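Listed here are the chains, written in short residue letters.
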Amino acid sequence: MHTKFINATDMKKARSLVDYAFGEKNFYDWFFQKNNTNPENWLAFYSKQNVISVLCANPYVLNLYEKHISSAYITSVTTDHIYRGLGYFRPFLNESISILAEIYPIVFIKPIESKLYDSFGFAFYSEHLRYNINISELAHFKTSKNITLIDTTNENFYIEAFDYVYKSYLSSYHGFVSRTKTNWQNLLHIHETEGGKTTIILMDNKPIGYMLYSIQNGTISVPELLYLNNIALETLLSNIYQHRTQANNVVLKTPSDDLLYLKLNISQYPNATYPAKAPFMMARILDVKQMLTMLNATKTCNENIVLKIKDDIVAKNNNNFFITTKHQNLDVEYTDIPHNAYMDISTLTQVLIGYISVQQAIKEDLIKVDSLITIEILQKIFCKKSTYINEEF
């Protein structure tokens, strides 16, 4: 048994496995026809000539430390039902990670169950605040008279406007996807296919906000709502409220540090609803040296540290790394020198992206250090960030 990129002949088998596992015919008809029929994006686990398992490594670009990092979104991980329960998942994912490590420095996945991926070095790096509120809670928001609302029936025409708001809003965030025109076309196409609507708001003919939404069974769902100022936010929320004859409930999600909840009437009564923190996306570093070299120290210093990383799957990562900080630049080399700090690949992923701080990781016993000086150096290298990603496929 072995794992390799699938051949064109076996793409039909990959599709049948995914269709069987997920059962979302409309989505996967589009997924295969429009977006992912390239065998170079698919890995398969073979027993002789039989395809047992497949996954898609959908190429994306992540924004990390103001750099564009080539990455892949792992989706559609599935095994033929007649081979399930026989222990094939672990060797397939181990081999897939090793293969992808020769291509990408980092990959990410939205897990159905996070425990399935914990032991493979994946760790959460982004979360949302999810709201489930009565639409009446939005009654006090007002639409500014200086605002123009556009219900976009031709999304392609407005992609530049979507992208401008998206990039502007997320300029202070970390770990989001740098959406290409094709990414936008795919996202908006499937949103429309599933009955979704889009609204853009303009001020002085410039885009300052947008939302994607859908209405079904008395609930208006808003998977993405981004804005550049408070006028834009209040106008979008007021527009949601104008659907009160069509919906009673509102379900929406925001970045975890968004302060929308401060504008709502939060009560302390029993059965009151509050925004819930929802871990969303996991990631895994595949090339430790490349990802460490990308970093800059937060303060000008001239220090060094030896960091030991435990990675049971990718051999080049299971190593000691000699890190030198000089004028905020990092130089990284493999070394046999004894380490000052130790962490596994999951923890490195979280502190490098900035999802958790060095101090949090030490408190949870995820990082071992030999001195307070080592902690200080680590804190100059790994900084807490506001993270966000909202890709569903």
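So, here's what we can say about the structure. On a predicted model such as this, the values are computed, not experimentally measured, just so you know. (Residues numbered from 1 in each chain as written. Predicted model: local features only at pLDDT ≥ 70, side-chain atom pairs only at ≥ 80, totals over all residues. Heavy atoms only, no water.)

Some details on the sheet that holds strand β5 (residues 106-109)
Inference 1: Strand order in the open sheet formed by twelve strands is β1-β2-β3-β4-β5-β12-β6-β11-β10-β9-β8-β7, and the pairing between neighbours is mixed. With partners counted over all chains shown, the strands left at the sheet margins are β1 (2-5) and β7 (147-151), one partner each. For this sheet, the mean angle separating the axes of adjacent strands, direction not counted, is 25°.
Inference 2: Where strand β8 (residues 197-203) and strand β9 (residues 206-216) come together, seven bridges link them in antiparallel fashion. Directly across from I200, in β9, lies its bridge partner Y210.
Inference 3: Relative to the sheet, helix α1 (residues 11-22) contacts β2 (42-47), β3 (50-64) and β4 (67-79), its axis offset from that of β4 by approximately 75°. (Pairing = 2+ DSSP bridges. Helix = DSSP H or I, 4+ residues; strand = E, 2+ residues; numbered from the N terminus. Axes fitted to C-alpha atoms, helices over the stretch in contact; angles between N-to-C directions. Contact = heavy atoms within 4.5 Å.)

Quick look at the environment of Q246
Inference 1: Residue placement: Q246 occurs in the loop between α7 (230-241) and β11 (249-255).
Inference 2: Expressed as a C-alpha distance, the spacing of Q246 and A276, which sit 30 residues apart in the sequence, is 25 Å.
Inference 3: If we skip the residues at most four places from it in the chain, Q246 touches I215 and G218.

A closer look at helix α9 (residues 345-353)
Inference 1: When you tally the buried positions in α9, you get nine out of nine residues, the bulk of the element.
Inference 2: Inspection of α9 places I345, S346, T347, L348, T349, Q350, V351, L352 and I353 among the buried residues, and these make up the whole buried set.
Inference 3: Remark: G354 follows α9 within two positions and exhibits a positive phi of approximately 100°. (Buried < 20%, exposed > 50% of the residue type's maximum accessible area, 1.4 Å probe, protein only.)

Some details on the packing of aromatic side chains
Both the distance between ring centres and the angle between the ring planes are used here to describe each pair of aromatic rings.
Inference 1: Per the counting criterion, the structure on display carries 18 aromatic pairs.
Inference 2: Ring geometry for Y60 and Y73: centres 6.0 Å apart, planes at 50°, overall tilted. Placement of Y60 in strand β3 and of Y73 in strand β4 is noted, with a sequence separation of 13 residues between them.
Inference 3: The exposure class of Y60 is buried, given its relative accessible area of 8%. (Phe/Tyr/Trp six-rings, centres within 6.5 Å; stacked < 30°, edge-to-face > 60°.)

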